[in-house]
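As a plain string of letters, each chain reads:
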Amino acid sequence: MTEQEDDRLKKLLREALRPIGGGPEQDRDLWPELLHRLDERPAAAPWFDWALLAGLIGLAALFPTAIPVFLYYL
Amino acid sequence: MRKEASDVLDAFRQGDVDAFETLFRQHQRAVFGWIFRIVRNAATADELTVETFWRIYRAHARFEPSRGFEGWARRVATHAALDWMKSRRVEREQTTELLADPQSAIAMDAAFSAEIRQKTALAFGRLPPKLRIAAVLAVIEEQPQKDVADALGISVGAVKLRVYRALRMLRKDLERQGIRP
């Protein structure tokens, strides 16, 4: 891909997808929503999350070469 | 004034909610604006702004006042937006919002085909989120690569690589559809 082709594609992309720039003004007061969220008790991780984590650790121990591949897809 | 700002940052680091509210009110618009550039939907940007500040508050003890709040907030916001992009298939709805509005399109180039525009937007929506977010910020929004790198927590070289890969994948996708940009 030459630099010229690259520039043409970038131009096409900017013409297809409008730049937002400043965007709309944020006029809602989100503080009450945030306070409510902060007051919520953190949800306990369900058992299958722990099982998945244990599985991943086991898999990494058995197949350490798969770790970079796994990280790539994260 | 400087001392006051530094006091607020120190108090926030200790978990002081009043200091956190002060920081929230100072930075919420900038955080919202940054997220809106990425997700391009005001309701989602609102939701992710709350998510960002929630993450920020939960991590208050890890905050380093010497490194400043703005850059840290932007990085947390970028990761919140990236997680959101990964967690759902946004292509269809996002690309509809991404499309340039007809008025500006006419003004830009009368001969520019609406079909090519739409296909480009859809192809862009199919890119992996990590590449898409780098391309949105660096190519479409033309943000300085240093800012994009800081926001993503990667090097400038890695931003360039992601943009290069995004453009290469986009070109291949368009060529498969018979479009040679």
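Residues numbered from 1 in each chain as written. Chains lettered and ligands numbered in written order. Predicted model: local features only at pLDDT ≥ 70, side-chain atom pairs only at ≥ 80, totals over all residues.

1. Points about the overall build of chain A
- If you tally the helices and strands in chain A, you get 4 helices and 0 strands.
- Secondary structure of chain A in N-to-C order comes out as α-α-α-α. (Helix = DSSP H or I, 4+ residues; strand = E, 2+ residues; numbered from the N terminus.)

2. Describing the environment of lysine 146 of chain B
- Relative to the elements of secondary structure, lysine 146 of chain B occurs in helix α9 (residues 145-152).
- Distance from lysine 146 of chain B to phenylalanine 124 of chain B, taken between C-alpha atoms, is 23 Å for residues 22 residues apart in sequence.

3. Description of the interface of chain B and chain A
- Taken together, the contact between chain B and chain A spans 36 residues of the former and 25 residues of the latter.
- Those elements that provide at least two residues to the side of chain B that touches chain A are α2 (17-39), α3 (42-58), α6 (102-108), α7 (114-125), α8 (129-140) and α10 (156-176) of chain B.
- Here the element with the most residues in the side of chain B that touches chain A is α2 of chain B; it accounts for 8 residues.
- When grouped by side-chain class, the residues that make up the side of chain B that touches chain A number 19 nonpolar, 5 polar and 12 charged. (Contact = placed C-beta atoms within 7 Å. Nonpolar A, V, L, I, M, F, W, Y, C, P; charged D, E, K, R; others polar.)

4. Thoughts on unusual backbone geometry
Residue and element names in this part refer to chain B.
- The backbone phi angle of arginine 40 is positive, close to 60°, even though this residue is not glycine.
- When you line up the elements, arginine 40 lands in the loop between α2 and α3.
- Overall, arginine 40 belongs to the buried group, with 22 C-beta atoms counted inside 10 Å.
- One non-glycine residue with positive phi stands out, namely glutamate 142, at about 50°.
- Within the secondary structure, glutamate 142 is located in the loop between α8 and α9.
- Among the residues examined, glutamate 142 registers 12 C-beta atoms within 10 Å and is labelled exposed. (Buried ≥ 20, exposed ≤ 12 C-beta atoms within 10 Å, placed from the backbone.)

5. So, the confidence of the model for chain B
- This prediction gives chain B a mean pLDDT of 86; 85% of its residues lie at or above 70.
- Two numbers describe this predicted complex: its pTM, 0.76, and its ipTM, 0.72. (pLDDT = per-residue confidence, 0-100.)

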